Protein chains: 2
Amino acid sequence: MKLSGLYLVTKDYYNGNFFNIVEESLSAGVNILQYRDKTNPYNIKIEAGRRLKNLAYKYNVPFIVDDSPVLLDILDADGIHIGKDDPPFEYIKERFPGKIIGVSTYGDINLGIKYERLGADYIAFGSFFKTSTKDDAEMCDINILNNASKFNIPVFAIGGINTRNVDELLKYKISGIAVVSAIFDAANPGEATRTFLEKLRKIL
Amino acid sequence: MKLSGLYLVTKDYYNGNFFNIVEESLSAGVNILQYRDKTNPYNIKIEAGRRLKNLAYKYNVPFIVDDSPVLLDILDADGIHIGKDDPPFEYIKERFPGKIIGVSTYGDINLGIKYERLGADYIAFGSFFKTSTKDDAEMCDINILNNASKFNIPVFAIGGINTRNVDELLKYKISGIAVVSAIFDAANPGEATRTFLEKLRKIL
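What counts and what doesn't
- Residues numbered from 1 in each chain as written.
- Chains lettered and ligands numbered in written order.
- Predicted model: local features only at pLDDT ≥ 70, side-chain atom pairs only at ≥ 80, totals over all residues.
- Heavy atoms only, no water.
- UniProt positions renumbered as here; feature names shortened; annotations may be inferred.
- Phe/Tyr/Trp six-rings, centres within 6.5 Å; stacked < 30°, edge-to-face > 60°.
- Helix = DSSP H or I, 4+ residues; strand = E, 2+ residues; numbered from the N terminus.
- Buried < 20%, exposed > 50% of the residue type's maximum accessible area, 1.4 Å probe, protein only.
- Contact = heavy atoms within 4.5 Å.
- Buried area = accessible area lost by both parts, 1.4 Å probe.
- Salt bridge = Lys/Arg side-chain N within 4 Å of Asp/Glu carboxyl O.
- Pairing = 2+ DSSP bridges.
- Axes fitted to C-alpha atoms, helices over the stretch in contact; angles between N-to-C directions.
- Polar contact = N/O pair within 3.5 Å; in protein donor to acceptor, adjacent residues only side chain to side chain.
- Right-handed = clockwise from strand over helix to strand, strands pointing away.
- Parallel < 35°, antiparallel > 145°, perpendicular 65-115°, else oblique.
- Left-handed = near helix turned anticlockwise from the far one by under 90°.
- Nonpolar A, V, L, I, M, F, W, Y, C, P; charged D, E, K, R; others polar.
- Core = buried A, V, L, I, M, F, W, Y, C linked by side-chain atoms within 4.5 Å.

- UniProt annotates chain A as Thiamine-phosphate synthase of Picrophilus torridus.
- The Function comment attached to chain A in UniProt states, word for word, "Condenses 4-methyl-5-(beta-hydroxyethyl)thiazole monophosphate (THZ-P) and 2-methyl-4-amino-5-hydroxymethyl pyrimidine pyrophosphate (HMP-PP) to form thiamine monophosphate (TMP)."

Right, here's the structure in full:
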């Protein structure tokens, strides 16, 4: 299965309409779901992760966890997304063969080349726009996406993407986009999802 | 090997005299070393962890990591210490058979009983004193240590222990004490270590 399209990354789990938002977005057609949670303790993450995996599978969508090989293992998720502060790629590749591994490559084309060679299943460049999700997100030059077609693995754009600025990204040969607040903070998450998917048709 | 005595828990790794302090304390006779680091990225933790393990082994002392089964696995440490926000005990026990697992049991005797039954190698009660290492540390009644002799596994006291207040703990049937700042912030870490060990002779 080629990973592409609209990639929904969660906010940290909170006791509210968290799962409703995810399900509205899944039912509107989101293509990949990632559980990202930088703050909750493991017992909460395991519980929330199980519910998210069930939701993802209900809609036939791959379920990815962020950062934690332990969560990948306990939830038996489809894959894991890692960045520069996380456990090493090589370790995860060896210990969890067959799992999807996605890597944040920020604005660094050489990092992209490195991880494609090491066997990453996708890479994600960004941020190209200001994002409220990650205070310390590096800003990158959008022109790095001119290199997207050089990769044989899917290239995603991530960081501060919303329904207004997404068109700027669709000029490039990317496989998809990853979003957090644009869906989690939307008045209508299902509608926001459909708007993104409509625009993404251009590249899919 | 029964775990007992003076258990040195590190501060987060910092680029300074971090390793010197650890080695001074090891050479003065510390009995167990734990690498605790809540802030550094994994690449730093792996590097610092390797150096700490080498130091621990140079002095024939068990090397424990804090929180992370991934670090336990990558460093092939002797064991792991977990608290309530960390990956579940049962998961670690199953995935890493033969590794030492220590558990923070705060001021909760039932938690101690639970983890002894599940196969913990030691438990740690505390804090009994104010600690600067952990801002949100729960304060517990020191009388919980009256139950120490009921356990068949080693019971440690942890949290805000220094060379002045340690005597209060030594009235109880504990196996040892864990310290951070009392050694890391000591003018002379080797001397602080020797002072603790001298006092601990009473219980060992």
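Structure shown, so let's carry the discussion forward.
## Describing the packing of aromatic side chains
Working step 1: A full pass over the atoms with the stated rule returns 20 aromatic pairs over all chains.
Working step 2: For the pair A:Tyr7 and A:Phe156, a centre-to-centre distance of 5.5 Å together with 80° between the ring planes defines the contact as edge-to-face. Of this pair, A:Tyr7 sits in strand E1 (residues 5-9) while A:Phe156 sits in strand E7 (residues 155-158); the two residues are 149 residues apart in sequence, bridging distant segments of the chain. Of the two residues examined, A:Tyr7 and A:Phe156, each falls in the buried class.
Working step 3: Aromatic side chains B:Phe18 and B:Phe184 sit 5.6 Å apart centroid to centroid with 40° between the ring planes, which places their arrangement in the tilted category. Highlighted residues: B:Phe18 in helix H1 (residues 18-27) and B:Phe184 in helix H7 (residues 181-184), separated in sequence by 166 residues.
Working step 4: Judged by relative accessible area, B:Phe18 falls into the buried class, the value being 0%.

## Digging into the interface of chain A and chain B
Working step 1: Facing the 13 residues of chain A at the interface are 13 residues of chain B.
Working step 2: A combined buried area of about 1200 Å² lies between chain A and chain B, and 66% of that area is made up of carbon and sulfur atoms.
Working step 3: There are 2 salt bridges connecting chain A and chain B.
Working step 4: Elements with a contribution of two residues or more to the side of chain A that touches chain B: helix H2 (42-58), helix H3 (69-75) and helix H4 (89-95) of chain A.
Working step 5: For the side of chain A that touches chain B, the element with the highest residue contribution is H3(A), accounting for 4 residues.

## Structural notes on the pairing of strand E7 (residues 155-158) of chain B
All names here are of chain B.
Working step 1: Relative to E7, strand E6 (residues 122-125) runs parallel, the two being bridged by 3 bridges. In the sheet register, Ala124 faces E7, and the bridge partner there is Phe156.
Working step 2: As judged from the 3 bridges shared by E7 and strand E8 (residues 176-179), these two strands associate in the parallel manner. Across the sheet, residue Phe156 finds its bridge partner in E8, namely Gly176.

## Comments concerning the sheet that holds E1(A)
All names here are of chain A.
Working step 1: Spatially, the 8 strands close up into a barrel ordered E1-E2-E3-E4-E5-E6-E7-E8, and their pairing is parallel. Shown here is a sheet whose adjacent strand axes are inclined to one another by a mean of 25°, direction ignored.
Working step 2: One ladder, built from 3 bridges, connects E1 with strand E2 (residues 32-35); its direction is parallel. Residue Val9 lies in a different strand from E2, and its bridge partner there is Gln34.
Working step 3: Across the sheet, helix H8 (residues 189-200) lies against E1 and strand E8 (176-179), angled at about 145° from E1, the strand it touches most.

## Quick notes on helix H5 (residues 109-118) of chain A
Working step 1: Where H5(A) starts, the residue carrying a side-chain oxygen 3.0 Å from the main-chain nitrogen of A:Asn110 turns out to be A:Asp108.
Working step 2: Immediately downstream of H5(A), the backbone of A:Gly119 shows phi near 105°, a positive value.

## Section: the pairing of strand E6 (residues 122-125) of chain A
All names here are of chain A.
Working step 1: Burial of E6 is two-sided: the residues Tyr122 and Ala124 facing one way and the residues Ile123 and Phe125 facing the other way are all buried.
Working step 2: As judged from the 4 bridges shared by strand E5 (residues 100-106) and E6, these two strands associate in the parallel manner. What sits directly across from Val103, in E6, is Ile123.
Working step 3: Handedness of the E5-H5-E6 crossover: right-handed.

## Here's the deal with the packing of H1(B) against helix H2 (residues 42-58) of chain B
Residues and elements named next belong to chain B.
Working step 1: Contact geometry of H1 with H2 gives a least axis separation of 10 Å together with a crossing angle of 20°. One way to sum up the angle between H1 and H2 is to call them roughly parallel. In this structure, H1 meets H2 at a crossing whose hand is right-handed. In this structure, H1 uses Phe18, Phe19, Val22, Glu23 and Leu26 to contact H2, whose residues at the interface are Ala48, Arg51, Leu52, Leu55, Ala56 and Lys58.
Working step 2: For the contact of H1 with H2, a count of residues per class yields 8 nonpolar, no polar and 3 charged.

## Remarks on the pattern of salt bridges
Working step 1: Summed over the entire model, instances satisfying the criterion amount to 18 salt bridges over all chains.
Working step 2: The residue B:Glu198 makes a salt bridge to B:Arg201 at a minimum N-O spacing of 3.1 Å.
Working step 3: In the salt-bridge network here, residues are joined through shared partners; they are A:Lys38, A:Asp66 and A:Asp67.

## Notes on the UniProt feature "binding site: 4-amino-2-methyl-5-(diphosphooxymethyl)pyrimidine" in chain A
Residues and elements named next belong to chain A.
Working step 1: UniProt tags Gln34, Tyr35, Arg36, Asp37, Lys38, Asp66, Ser104 and Lys134 as "binding site: 4-amino-2-methyl-5-(diphosphooxymethyl)pyrimidine".
Working step 2: Turning to its location among the elements, Asp37 is positioned in the loop between E2 and H2.
Working step 3: In this structure, Asp37 is in contact with Asp12, Tyr13 and Lys45, ignoring residues within four places of it in sequence.
Working step 4: Within the structure, the side chain of Asp37 is placed 2.6 Å from the side chain of Tyr35, a separation counted as a polar contact.
Working step 5: Tracing the sequence through the fold places Asp66 in strand E3 (residues 63-66).
Working step 6: Every residue in contact with Asp66, bar those within four places of it in the chain, is listed here: Gln34, Tyr35, Arg36, Lys38 and His81.

## A word on the nonpolar core
Working step 1: A:Leu145, A:Ile177, B:Leu145 and B:Ile177 are the most contacted members of the largest nonpolar core, which has 126 residues in total.
Working step 2: Apart from residues no more than four positions distant in its own chain, B:Ile177 is found in contact with B:Gly5, B:Leu6, B:Tyr7, B:Phe156, B:Ala157, B:Ile161, B:Val166, B:Leu169, B:Phe196 and B:Leu200.

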